[in-house]
Amino acid sequence: MFVFSICFFIIFVCSIIKQYFARVTLKYACQVLLLLPFQSYSITMLRINNITKDYGERRGIFDLTFSVEKGESFGFLGPNGAGKTTTIRHLMGFIYPDKGSCTIHHLDCATRSAEIQRILGYVPGEIALPDEMTGIGFLKFLAHYRGLHDFSRAEQLIQYFELDARGKLRKMSKGMKQKIAIVSAFMHDPEILILDEPTSGLDPLMQNRFVNLILEEKTKGKTILMSSHVFEEVERTCDRIGIIKQGELVAIDTVDHLKTTKQKSYTVVLENEAVAAAFAKENLNISDVVQNRVTIIIHQDIKRFIEILNRYPVIDLFTNEQSLEDLFLHFYGTK
């Protein structure tokens, strides 16, 4: 009888606990559902976490960390040898880091690259194509390999880039091979795009068409990582940029914010050349003097600059917008 009473008591307590947690869980779920419309969530699609690949003599990448969110276009800038392609090869699973890790869509790039490549499009920095195949034959081979039954997107891109894909790949120019690589990266409508110098070899007209293609893909919510030397296309297409120098990330921010936090340039038009010469002797960072025009670089001391202006007969004042190229050169100390 005693044992029966104990068992009954345990069952009774368990039922109370179950009912309590059910109410708490339901209450919590309702709170979450009510708050959902007011929350802003971001999903990290691509993450590089403290990766190092040391080839010796300061060659490689070192303690590199950044991420790209879903629907974001991220520009990756740096000169040849800075580490852009090395970083991208880690993401593709072609090489492995000495330390650190990188993931795409929460999949480890070192161990699950085959799964990753099903959901991304990739344009390599160095195009290597099978010489004896035709362009159209290569694209159809890729479509078959990916299980892509609808070839219409590839045909649209071929027409868009004015590509004659019927010839042998070995006879194609650098620009034509680049177009083949772009079509192959975009034709299966991938969720993620990794583009290593994608407009290399393209003429200005095709570069502009590529920019428009990227802008179109952004409206679809695609996630894009793009390395480039063409500053204008990065400014037009990317939400954020990262600047890499000697294998280390020296800046990462939105383009607009990076511009506002760095130096600004002003051109002052004075009454005559003599006044301009006197103005140029002021303790300012003078960039250039041409006749009655003096160009000044201002970092933060704008108040002092205005005070000096008030002492001179100024005819006009221009603000010189800092381009992404100027910003890039600022970080590399060559300007």
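Rules and cut-offs
Residues numbered from 1 in each chain as written. Predicted model: local features only at pLDDT ≥ 70, side-chain atom pairs only at ≥ 80, totals over all residues. Heavy atoms only, no water. Axes fitted to C-alpha atoms, helices over the stretch in contact; angles between N-to-C directions. Helix = DSSP H or I, 4+ residues; strand = E, 2+ residues; numbered from the N terminus. Parallel < 35°, antiparallel > 145°, perpendicular 65-115°, else oblique. Contact = heavy atoms within 4.5 Å. Nonpolar A, V, L, I, M, F, W, Y, C, P; charged D, E, K, R; others polar. Pairing = 2+ DSSP bridges. pLDDT = per-residue confidence, 0-100. Core = buried A, V, L, I, M, F, W, Y, C linked by side-chain atoms within 4.5 Å. Buried < 20%, exposed > 50% of the residue type's maximum accessible area, 1.4 Å probe, protein only. Salt bridge = Lys/Arg side-chain N within 4 Å of Asp/Glu carboxyl O. 1 Å grid on protein atoms, 1.4 Å probe; cavity = no way out; pocket = protein on both sides within 12 Å on 5 of 7 lines; lining within 4 Å. Points joined across faces, edges and corners; volume = space filled by probe spheres on them. Left-handed = near helix turned anticlockwise from the far one by under 90°.

Viewed as axis vectors pointing N to C, helix α6 (residues 174-186) and helix α7 (residues 204-219) meet at an angle of 10°, and their least axial separation amounts to 13 Å. Taken as axis vectors, α6 and α7 run roughly parallel relative to one another. Seen from α6, the contacting residues are Lys179, Ile182 and Phe186; seen from α7, they are Met206, Phe210, Leu213, Ile214 and Glu217. Split into classes, the residues belonging to the contact of α6 with α7 amount to six nonpolar, no polar and two charged.

With that settled, the discussion passes to the sheet that holds strand β4 (residues 99-104). Here four strands make up an open sheet; going across it, the order is β2-β1-β4-β5 and the pairing antiparallel. Of all strands in the sheet, those with a lone pairing partner are β2 (59-69) and β5 (107-108), marking the two edges. As paired strands, β4 and β5 are joined by two bridges and run antiparallel to one another. Its bridge partner being in β5, Thr103 is matched across the sheet by Asp108. With respect to the sheet, helix α2 (residues 84-91) is in contact with β1 (44-56), β2 and β4, its orientation differing from that of β1 by roughly 120°.

For the protein chain, the average pLDDT comes to 84, and 81% of its residues sit at 70 or higher. Counted against residues more than four places away or in other chains, residues 1-14, with its pLDDT under 50, gives zero contacts.

Right, let's get into the nonpolar core. Counting residues in hydrophobic clusters, the biggest one holds 40 residues, and the most contacted among them are Ile180, Phe186, Met187 and Leu195. In terms of residue count, α6 provides more of this core than any other element does, six residues in total. In this structure, Phe186 is in contact with Arg153, Leu157, Leu193, Leu195, Phe210, Leu213, Ile214 and Glu217, ignoring residues within four places of it in sequence. Listed in part, the 25 residues of the second largest apolar core include Ile51, Phe74, Met92 and Ile104.

As judged from the five bridges shared by β1 and β4, these two strands associate in the antiparallel manner. Bridge pairing links Thr52 to Lys99 in β4. Between β4 and β5, which pair antiparallel in sequence order, lie two residues; one of them, His105, sits at a positive phi of approximately 55°.

This model, assessed by the stated rule, comprises 17 salt bridges. Of the charged contacts in the structure, one is a salt bridge between Lys70 and Glu191, with a shortest N-O distance of 3.4 Å. With Lys70 in the loop between β2 and β3 (73-77) and Glu191 in the loop between α6 and β7 (192-196), this residue pair connects regions lying 121 residues apart in the sequence. Residue classification places Lys70 among the partly exposed residues on the basis of a relative accessible area of 41%.

This paragraph deals with the sheet that holds strand β12 (residues 286-290). Here four strands make up an open sheet; going across it, the order is β12-β13-β11-β14 and the pairing antiparallel. At either margin of the open sheet sits one strand with a lone partner, and together these are β12 and β14 (314-320). On average, adjacent strands in this sheet sit at an angle of 20° to one another, irrespective of strand direction. As paired elements, strand β11 (residues 264-270) and strand β13 (residues 293-298) share six bridges and run antiparallel to each other. Bridged to Tyr266 within β13 is Ile296.

Let's shift gears to the layout of surface pockets. Taken as a whole, the largest pocket holds about 600 Å³ of empty space. Together, 22 residues line the largest pocket, and Gln117, Tyr122, Leu142, Tyr145 and Arg146 are the ones closest to its centre. Of all elements in the fold, only α3 (113-117), β6 (120-123), α4 (135-145) and α6 reach the threshold of two or more residues within the lining of the largest pocket. Here the lining of the largest pocket is composed, by residue class, of 15 nonpolar, four polar and three charged. For the second largest pocket, the calculated volume is near 410 Å³. What lines the second largest pocket is a set of 22 residues, and nearest its centre among them are Gly81, Gly83, Lys84, Thr85 and Thr86. Of all elements in the fold, only β2 and α2 reach the threshold of two or more residues within the lining of the second largest pocket.

With that settled, consider the packing of α4 against α6. Interhelical geometry of α4 versus α6 gives an angle of 20° and a closest axis separation of 10 Å. The angle between the axes of α4 and α6 places the two elements in the roughly parallel class. The two elements α4 and α6 cross, and the hand of that crossing is right-handed. Here Gly135, Phe138, Leu139 and Leu142 of α4 lie close against α6, whose contacting residues are Ile180, Val183 and Ser184. Taken together, the residues of the contact of α4 with α6 sort by class into five nonpolar, two polar and no charged.

With respect to the helices and strands, Lys140 occurs in helix α4. Taking relative accessible area as the criterion, Lys140 reaches 48% and is therefore assigned partly exposed. A C-alpha to C-alpha distance of 7.8 Å links Lys140 and Phe151, two positions eleven residues apart in sequence.

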